[in-house]
Each structure stands twice: as structure tokens, then as C-alpha cells.
Amino acid sequence: MLRLVMLGVFLVASSPVASFAEEVKLGYVDLQRALNETEDGRKAKANLKKVFDQKQKELDEQQEELKKAVEDLDKKRTLMPPDKVREKEAELQGRMHKVQQTYLRHQQDLSAKEQEATGKIFERMNRIIFKIAQADNFTMILDKTQSAVLYAKPHLDLTNELIRRYNSGDGADKAGGPTAAAPAAPAKPPAAPKK
């Protein structure tokens, strides 16, 4: 009888441990690659590239005008009185400041447009990732680019499945899902005028 009681106590004491022992199943996705390889991501990237190119052209024109003005001053510097040279240099510094402000404004604008464009795409991807995790009983799915995954076995990479499901329409809202833009490279900063 004592053996039965001891066996019962042992089984009761060990059962919570067994119920908490869950198989850990991990996976990862490369969200940046998925963004670049989905149809919406490619369309978004093309749209943002157009905006970027337009802003870069404007910035390049302003920089070229400033460069010509600096070269013109350098040519005429010895022929001008010192106070006029200082006045012209101050004017060029002011113009340089305006070009830098334009650059910063373009950067902020592009960043806002990128977030607006990719936000809906990433929301939809998260819905798909949640479905994959639920269906395949994943404990955790990491973003390869954000979580510093240094090594993982290739079979744990769910990126292709995410892209396939996204492009097939999975996770889309009733309106048909996002058709927004992806990240673009930042505009090049203005060069400082030569003195």
C-alpha cells in the first residue's frame, strides 16, 4: 500500500513538469527579402524610386548652381574688394544651408513615404506569419534581419512560403490588400562649397 501511495505521489508531482515540457519549434523569415520579392513590394519600390529620382534631380540642380557660384567667386575673388568677397561668401553659405535643409527635408519625406508604403505590406506579412505559426505549431518565428540570426538551418527559413502566400493573396484585407511602395536609397548629401 505504501508503494502505491509513493507511486501516486511521484506521478502527481512529475505530471506538471511533463505538461509544461513543450516542443520548441523555431523558424525565421527575411522580411526585407520578402518585401523585395513580393508583387506589392516591387511596385512600391518602383514608385518610391520615381519619387527619389525626382527629389535627387532637384537636389543635384541646386548643388550644381551652388558649385558654379563658388567657382565664379573664386575666379573674381582677386578683383573684388575684401568686404564684397565676405558678403558673397556669406551669401554662398546661406545658399549652402538651404541646400542642406532641402536634403534633410527630402530625407524625411522619403522616410515617411517608405513607412507609409511598407507599413501595410508588413502588416499583411505579419498576418500570414501568424497563420503559418498557428498551422505548423511554431513556438517562435524571428525576423532574420532584425534578430541577428547568425546561423540557422535552411529548412527553418520560411521566407519563400511567406512570399508564395503573399503573392497568392493570403492575408489580404477585403479591399484587396496593399499596393504601396518599398524603401529607396537616400539622396546623396550636398557637398560643402570650396573656399
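Predicted model, so just to flag it, every value in this text is computed and none were measured. (Residues numbered from 1 in each chain as written. Predicted model: local features only at pLDDT ≥ 70, side-chain atom pairs only at ≥ 80, totals over all residues. Heavy atoms only, no water.)

Caption draft 1: Quick look at the overall build of the protein. For the protein, the helix and strand inventory stands at five helices and two strands. The order of helices and strands in the protein, counted from the N terminus, is α-β-α-α-α-β-α. Each of the 195 residues in the protein was classed as buried or not, and the buried ones make up 29%. Pairs at least 24 residues apart make up 90% of the contacts formed inside the protein by residues separated by at least 6 positions. (Helix = DSSP H or I, 4+ residues; strand = E, 2+ residues; numbered from the N terminus. Buried < 20%, exposed > 50% of the residue type's maximum accessible area, 1.4 Å probe, protein only. Contact = heavy atoms within 4.5 Å.)

Caption draft 2: The pattern of salt bridges, seen in detail. For the structure on display, the rule yields 14 salt bridges. Salt-bridge contacts for D74 lead to R77; the nearest nitrogen and oxygen are separated by 3.2 Å. Accessibility expressed as a relative area gives 24% for R77, which makes it partly exposed. One network of salt bridges, in which partners are shared, links K131, E161, R164, R165 and D170. (Salt bridge = Lys/Arg side-chain N within 4 Å of Asp/Glu carboxyl O.)

Caption draft 3: Structural context of the packing of helix α3 (residues 39-76) against helix α4 (residues 82-136). Running from N to C, α3 and α4 cross one another at 175°; their axes reach a closest spacing of 10 Å. In terms of orientation, α3 lies roughly antiparallel with respect to α4. Partitioning the contact of α3 with α4 into residue classes produces 15 nonpolar, five polar and eleven charged. (Axes fitted to C-alpha atoms, helices over the stretch in contact; angles between N-to-C directions. Parallel < 35°, antiparallel > 145°, perpendicular 65-115°, else oblique. Nonpolar A, V, L, I, M, F, W, Y, C, P; charged D, E, K, R; others polar.)

Caption draft 4: Geometry of a nonpolar patch on the surface. Together, V24, L26 and M140 line one region of the surface with nonpolar side chains, adding up to about 270 Å² of accessible area. Here M140 shows up in strand β2 (residues 140-143). Given a relative accessible area of 44%, M140 falls into the partly exposed group. (Patch = residues over 30% accessible without salt bridge, like charges linked within 9 Å, V, L, I, M, F, W, Y side chains within 5 Å. Areas by Shrake-Rupley, 256 points an atom, 1.4 Å probe, with all protein chains shown as cover.)

Caption draft 5: Representation of the nonpolar core within the structure. Core analysis: the biggest nonpolar cluster contains 16 residues, and V29, L31, I121, M125 and L162 have the highest contact counts within it. Elements represented by at least two residues in this core include exactly α2 (31-37), α4 and α5 (159-167). For this core, the leading source of residues is α4, giving six residues. Ranked by size, the runner-up nonpolar core spans nine residues in total, among them L59, A69, V70 and Y103. (Core = buried A, V, L, I, M, F, W, Y, C linked by side-chain atoms within 4.5 Å.)

Caption draft 6: Just the side chain of K55, in detail. Note on placement: K55 falls in helix α3. A relative accessible area of 15% means that K55 is categorised as buried. Beyond its immediate chain neighbours, meaning those up to four positions away, K55 contacts H106, D109 and L110.

Caption draft 7: Highlighting α4. The first and last C-alpha atoms of α4 sit 77 Å apart over 55 residues, in line with the 81 Å expected at 1.5 Å per residue. Remark: N137 follows α4 within two positions and exhibits a positive phi of approximately 55°. (Expected span 1.5 Å × (residues − 1).)

Caption draft 8: Representation of the environment of N36 within the structure. Within the secondary structure layout, N36 lies in helix α2. A C-alpha to C-alpha distance of 9.6 Å links N36 and I163, two positions 127 residues apart in sequence. Leave out the neighbours within four places in its chain, and N36 touches R42 and K45. Among the polar contacts listed, one links the side chain of N36 to the side chain of K45, at a separation of 3.4 Å. (Polar contact = N/O pair within 3.5 Å; in protein donor to acceptor, adjacent residues only side chain to side chain.)

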